[in-house]
Amino acid sequence: MSGDVCLDLVVRNARIATGSDVFNADIGIANGVIVMLGAQLPRGAREIDAAGRWVLPGGVDAHCHLDQPTGDGSVMADDFASGTRSAACGGTTTVIPFACQQRGGTLQAAVDDYHRRAQALALIDYAFHLIVTDPTPDVLERELPALIARGYTSFKIYMTYDALKLNDRQILDLLAIARRERAMTMIHAENADCIAWLTERMLARGLTAPSYHALSRVPVVEREATHRAISLSEMLDTPVLIVHVSGREAIEQIQQAQWRGAPIYAETCPQYLFLTEDDLALEGFEGAKCICSPPPRDAANQDAVWRALDHGVFSVFSSDHAPFRFDGPHGKKAYGEQATFDKVPNGIPGLETRLALLFSEGVLAGRIDVNRFVEMTSTGPAKLYGLHPRKGTIAIGSDADLVIWDTFEPRPIRNADLHHNVDYTPYEGRLVRAWPGITISRGDAVWQRDTGFVADAPGRGQFLPCERPVALHRSRRERKTGGSVFPWLEALGM
């Protein structure tokens, strides 16, 4: 080994796992990038002995909400400082939150506003998804294509929520742009009219408690919208990702589409593995802590999500972190403790607990292997959103984003130990057997569990323009041979 090699950091005796491999090696880092993998690497300016512990790629949380304007009087508790600090302490080194277009406003205004919110505060690296709520002709033909070309290569659309939802024709317009520009479309799939119909009738009967949130969004509501989103995607032969899938009925729709060869991807979240609808029925107003959409289901649906994780249905495991405080005037109690379930801000915190929960109950419990864990929490989202191989893997040339994992006897999660700005965690008291021992972001240790060290470096996080996920847009016409597969698209010159 040449004595001229100058390494800033060497992580020694690492038990490394990527999305496909497991091997033992030292990791050599220079200028924030992995430059060497091997045995007995030269000495670095700094050294960390992993001592045979798992060393995995830093987590990529590809679905989280930080400091996002809501428009309903509620205020998210985490800005980019507290949110990215919490993420780092939970082993996440890249976050992708949402720049949300306000109706009547422009996408560019949303992006500019979000950069102002992030750039001086983020501790770790970040990219932005867009949320399109007002697809005007100018947005479709000028703004959105221009932003995609500049590295905002994914956008989310909603089929529910009055302030956000789009109709099928608007969704088709956006899918056509995504097809042409090679962007990734994320879809929140729930049927808005069904939810409104159920909600109105429940409220009329005085059924207002948090537990009725789950009954207003029954599984068939998600199943129908998932089927419709898949149908629109197949009509234009362009990939979509169905976000926060909650249970068996939506999973079946996704599996059937994937078996047909349709370009359908899916994401799920911790709440669908570790919470149930019973958590919404806690005494008094406590159930409001677990209101999110889609809601947690029952134990049978939890099992269906676990099976789908193991069988490869899901490409992404995200937190869907939506941080509203329980107490105070701008969170879950924005309309008081007697608020009807439809007035409670939707969302739960989960940035910091996402990886420890899945590693403990997935990998250590034998439900998924470590490669599947890495694929869903890091490599998969990095690939889908155009950040791989810079992010999401341990390879020469990749950013030195690493997590050295500690394992131990079961210990409870306590909100008092977390680093977000939320006054509760829905996972309070749940036992975990692992936690990130050291989180390294571009070669810098930003979290060490044994000392409680968290880097005080707001603004060190870098914005990441994303590549277009071109490989995902390889059409079914290109995947098959002989004959016309989509004659209507050919007729339209698409």
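Residues numbered from 1 in each chain as written. Predicted model: local features only at pLDDT ≥ 70, side-chain atom pairs only at ≥ 80, totals over all residues. Heavy atoms only, no water.

Quick look at the layout of surface pockets
Inference 1: Each pocket or cavity is described by its volume, and for the largest pocket that value is around 1200 Å³.
Inference 2: Lining the largest pocket are 47 residues, and of these Asp72, Tyr161, Asp162, Arg217 and Asn346 lie nearest its centre.
Inference 3: At the level of secondary structure, the elements contributing two or more residues to the lining of the largest pocket comprise β11 (154-158), α5 (192-204) and α6 (212-216).
Inference 4: Among the elements that line the lining of the largest pocket, the one with the most residues is α5, at 5 residues.
Inference 5: Its residues placed into classes, the lining of the largest pocket shows 18 nonpolar, 19 polar and 10 charged.
Inference 6: Taken together, 13 residues make up the lining of the second largest pocket; nearest its centre are Phe408, Pro412, Asp417, Trp435 and Arg449.
Inference 7: Within the residue set of the lining of the second largest pocket, elements represented by two or more residues are β16 (402-412) and β17 (431-441).
Inference 8: The element that contributes the greatest number of residues to the lining of the second largest pocket is β16, accounting for 3 residues.
Inference 9: Among the residues forming the lining of the second largest pocket, the class breakdown is 7 nonpolar, 1 polar and 5 charged. (1 Å grid on protein atoms, 1.4 Å probe; cavity = no way out; pocket = protein on both sides within 12 Å on 5 of 7 lines; lining within 4 Å. Points joined across faces, edges and corners; volume = space filled by probe spheres on them. Helix = DSSP H or I, 4+ residues; strand = E, 2+ residues; numbered from the N terminus. Nonpolar A, V, L, I, M, F, W, Y, C, P; charged D, E, K, R; others polar.)

Describing helix α8 (residues 248-259)
Inference 1: Look at α8: 16 Å from first C-alpha to last across 12 residues, which is about the 16 Å you get at 1.5 Å a residue.
Inference 2: Each element contacted by the buried residues of α8 is listed here: α7 (219-236), β13 (240-242), β14 (264-268) and α10 (299-311).
Inference 3: With its phi angle positive at about 90 degrees, glycine 261 sits one or two positions after the end of α8. (Expected span 1.5 Å × (residues − 1). Contact = heavy atoms within 4.5 Å.)

Some details on the pattern of salt bridges
Inference 1: Throughout the structure, instances matching the rule amount to 35 salt bridges.
Inference 2: Of the charged contacts, one joins aspartate 61 and arginine 354 as a salt bridge, the two residues approaching to 3.7 Å between their closest N and O atoms. Of this pair, aspartate 61 sits in strand β6 (residues 59-61) while arginine 354 sits in helix α11 (residues 354-363); the two residues are 293 residues apart in sequence, bridging distant segments of the chain.
Inference 3: Here aspartate 327 makes a salt bridge to lysine 333, at a shortest N to O gap of 2.7 Å.
Inference 4: By sharing partners, the salt bridges in this structure join Asp125, Arg390, Lys391, Asp399, Asp401 and Arg442 into a single network. (Salt bridge = Lys/Arg side-chain N within 4 Å of Asp/Glu carboxyl O.)

Quick look at the packing of aromatic side chains
Inference 1: Taken as a whole and assessed by the stated rule, the structure comprises 17 aromatic pairs.
Inference 2: Look at phenylalanine 274 and tryptophan 306: their rings are 6.0 Å apart centre to centre, the planes differ by 90 degrees, and that puts the pair in the edge-to-face class. Placement of the pair is phenylalanine 274 in helix α9 (residues 271-274) and tryptophan 306 in helix α10, with a sequence separation of 32 residues.
Inference 3: Measuring from ring centre to ring centre gives 6.5 Å for phenylalanine 274 and tyrosine 427, while their planes differ by 85 degrees; the resulting arrangement is edge-to-face. Residue phenylalanine 274 is found in helix α9, and its partner tyrosine 427 is found in the loop between β16 and β17; the two are separated by 153 residues along the sequence.
Inference 4: Taken together, the aromatic side chains of Phe80, Tyr114, Tyr126, Phe128, Tyr152 and Phe463 make up a single cluster linked through ring pairs. (Phe/Tyr/Trp six-rings, centres within 6.5 Å; stacked < 30°, edge-to-face > 60°.)

Re the UniProt feature "modified residue: N6-carboxylysine" (unreviewed entry) in the chain
Inference 1: Taken from the UniProt record, the annotation "modified residue: N6-carboxylysine" (unreviewed entry) applies to Lys156.
Inference 2: Residue placement: lysine 156 occurs in strand β11.
Inference 3: Setting aside anything within four residues of it in sequence, one finds lysine 156 in contact with His63, His65, Phe98, Leu130, Ile131, Val132, Met186, His188, Val243 and His244. (UniProt positions renumbered as here; feature names shortened; annotations may be inferred.)

Notes on the pairing of strand β3 (residues 33-38)
Inference 1: Pairing between strand β2 (residues 22-30) and β3: 5 bridges, direction antiparallel. Directly across from glycine 28, in β3, lies its bridge partner methionine 36.
Inference 2: The hairpin turn running from β2 into β3, its antiparallel successor, is 2 residues long, and asparagine 31 in that turn takes a positive phi close to 55 degrees. (Pairing = 2+ DSSP bridges.)

Quick notes on the packing of α11 against helix α12 (residues 370-384)
Inference 1: Where α11 contacts α12, the axes come no closer than 10 Å and their chain directions differ by 155 degrees. As far as their axial angle goes, α12 and α11 are roughly antiparallel. The two elements α11 and α12 meet at a crossing, and its hand is right-handed. Taken together, the residues of α12 that come into contact with α11 (itself represented by Arg354, Leu355, Leu358, Phe359 and Val363) are Val370, Phe373, Met376 and Thr377. (Axes fitted to C-alpha atoms, helices over the stretch in contact; angles between N-to-C directions. Parallel < 35°, antiparallel > 145°, perpendicular 65-115°, else oblique. Left-handed = near helix turned anticlockwise from the far one by under 90°.)

Re the packing of α7 against α8
Inference 1: Relative to each other, α7 and α8 sit at 20 degrees, their axes nearing to 8 Å. Relative to α8, the element α7 lies roughly parallel. Our pair here, α7 against α8, has a crossing hand that is right-handed. Only Glu249, Ala250, Gln253, Ile254 and Ala257 of α8 make contact with α7, whose side of the interface consists of Pro219, Val220, Glu222, Arg223, Thr226, His227 and Ile230.
Inference 2: Taken together, the residues of the contact of α7 with α8 sort by class into 6 nonpolar, 3 polar and 3 charged.

Observations concerning the sheet that holds strand β9 (residues 125-126)
Inference 1: Taken in spatial order, the 3 strands line up as β6-β7-β9 in an open sheet, and their pairing is parallel. In this open sheet, the two strands that pair with only one neighbour each are β6 and β9.
Inference 2: The pairing of β6 with strand β7 (residues 92-95) spans 3 bridges and is classified as parallel. Pairing of glycine 59 across the sheet is with threonine 92, part of β7.

Describing the environment of isoleucine 29
Inference 1: Summarising the element assignment, isoleucine 29 is placed in strand β2.
Inference 2: The class of isoleucine 29 is buried, set by a relative accessible area of 1%.
Inference 3: Sequence separation between isoleucine 29 and threonine 340 is 311 residues, and the spatial gap between their C-alpha atoms is 53 Å.
Inference 4: Filtering out sequence-adjacent residues up to four positions away, isoleucine 29 remains in contact with Leu7, Asp8, Leu9, Val35, Ala400, Leu402 and Gly443. (Buried < 20%, exposed > 50% of the residue type's maximum accessible area, 1.4 Å probe, protein only.)

Examining the environment of serine 378
Inference 1: Locating serine 378 in the fold gives a position in helix α12.
Inference 2: On a C-alpha basis, the gap between serine 378 and glycine 32 in space is 18 Å, while along the polypeptide they are 346 residues apart.
Inference 3: If we skip the residues at most four places from it in the chain, serine 378 touches Pro57, Gly58, Gly59, Val60 and Gly392.

Here's the deal with the UniProt feature "domain: Amidohydrolase-related" (unreviewed entry) in the chain
Inference 1: Within this structure's numbering, the places UniProt gives as "domain: Amidohydrolase-related" (unreviewed entry) are residues 54-435.
Inference 2: Note that residues 54-435 is 36% helix and 14% strand, and that its end C-alpha atoms are spaced 11 Å apart.

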